[in-house]
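# Observations on chain architecture
One-letter residues, chain by chain:
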Amino acid sequence: MQQKEVLQEYNKRIAALISKISKKETSNYNLLVELLDDFETEPAILIDDYTEDIAAMHLLSYLLIFDSINGKFLWKRLSSKLKSSTKLKGIFAVFAHIIKDEHEFIMKALDDAVKGFENPYIKQLSDILPGVLRGHLASVIAKNYANIHIKEFSKIVCLSVDDARIYVASLGWKTLEGDYVEPEKKVKMTNDLLHKLSVEQIEQATKTIGFLETI
């Protein structure tokens, strides 16, 4: 197919998936990522052919699944022209905060990043992403905190203290004495879990990450 036909076909498929995502059909998050990944490798399309809107959608799709690694490497593959875009820099700032574990800045960076886009698909994604990212951040907190003060929690999820209390209740978490919150689950990397990673797996992962960092 010619490039124009390819773009039209992908636009239809992207529109259909984002419409489903806007209806909170979460099973389509990964499908959107896969579709945009396929689009990047489409023979009729080159990464240099990416428009600002396409690059924005691709980056935002990785935020849906909280994939900062692939978001980072997509950013590296973008043209210098796109990387100079103020709007795209704003989206990448969200990934930068995720990578650095600067959780308290993520939601504000997202809010700033999606302003100014007129593309209807990006607007739909920007409507649903705050709730999705808030859920991912709650999962991070559950894995890393035995308990957390409600004020710190509210700051991370970018809600007022009162709204944060409501959100905590919706998650089924416990509120403790002294305004502390206890996540429902806390995942610990015990010795048993660590031993499941063989030396060979760790070495291979290290080599892979080292190679990707050179791209």
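Our subject is the structure listed above.
A short tour of the structure in this document, coming up. (Residues numbered from 1 in each chain as written. Predicted model: local features only at pLDDT ≥ 70, side-chain atom pairs only at ≥ 80, totals over all residues. Heavy atoms only, no water.)

### Description of the nonpolar core
Ranked by internal contacts, the top residues of the largest apolar core, which has 59 residues, are Leu32, Leu64, Ile91, Val94 and Phe153. A per-element tally of this core places helix 8 (residues 120–144) first, with 10 residues. The contacts of Phe153, once residues within four sequence positions are left out, are Ile141, Ile148, Ala164, Tyr167, Val168, Leu171 and Trp173. (Core = buried A, V, L, I, M, F, W, Y, C linked by side-chain atoms within 4.5 Å. Buried < 20%, exposed > 50% of the residue type's maximum accessible area, 1.4 Å probe, protein only. Helix = DSSP H or I, 4+ residues; strand = E, 2+ residues; numbered from the N terminus. Contact = heavy atoms within 4.5 Å.)

### Considerations on helix 6 (residues 86–99)
Each α-helix winds once per 3.6 residues, and so residues spaced three or four apart point in a common direction. With 14 residues, helix 6 ought to run about 20 Å at 1.5 Å a step, and its terminal C-alpha atoms sit 20 Å apart, in line with that. Inspection of helix 6 places Leu88, Ile91, Val94, Phe95, His97 and Ile98 among the buried residues, and these make up the whole buried set. Positive backbone phi, approximately 60 degrees, marks Asp101, located one or two places after helix 6. (Expected span 1.5 Å × (residues − 1).)

### Structural notes on the side chain of Asp67
Looking at where Asp67 falls in the secondary structure, it is placed in the loop between helix 3 (52–64) and helix 4 (68–77). Side-chain polar atoms of Asp67 contact the side chain of Asn70, separated by 2.7 Å. Excluding its chain neighbours within four sequence positions, the residues that come into contact with Asp67 are Tyr62 and Phe95. (Polar contact = N/O pair within 3.5 Å; in protein donor to acceptor, adjacent residues only side chain to side chain.)

### Brief notes about helix 8
For helix 8, which comprises 25 residues, the first-to-last C-alpha distance of 36 Å matches the rise-based estimate of 36 Å (1.5 Å per residue) to within 8%. The distance from a side-chain oxygen at the start of helix 8 to the backbone nitrogen of Tyr121 is 2.8 Å, and the residue carrying that oxygen is Asn119.

### A short note on the environment of Ser126
Among the structural elements, Ser126 can be located in helix 8. A relative accessible area of 15% places Ser126 in the buried class. For the pair Ser126 and Ser22, spaced 104 residues apart in sequence, the C-alpha to C-alpha distance is 9.8 Å. Of the polar contacts made by the side chain of Ser126, one reaches the backbone oxygen of Lys123; its length is 2.7 Å.

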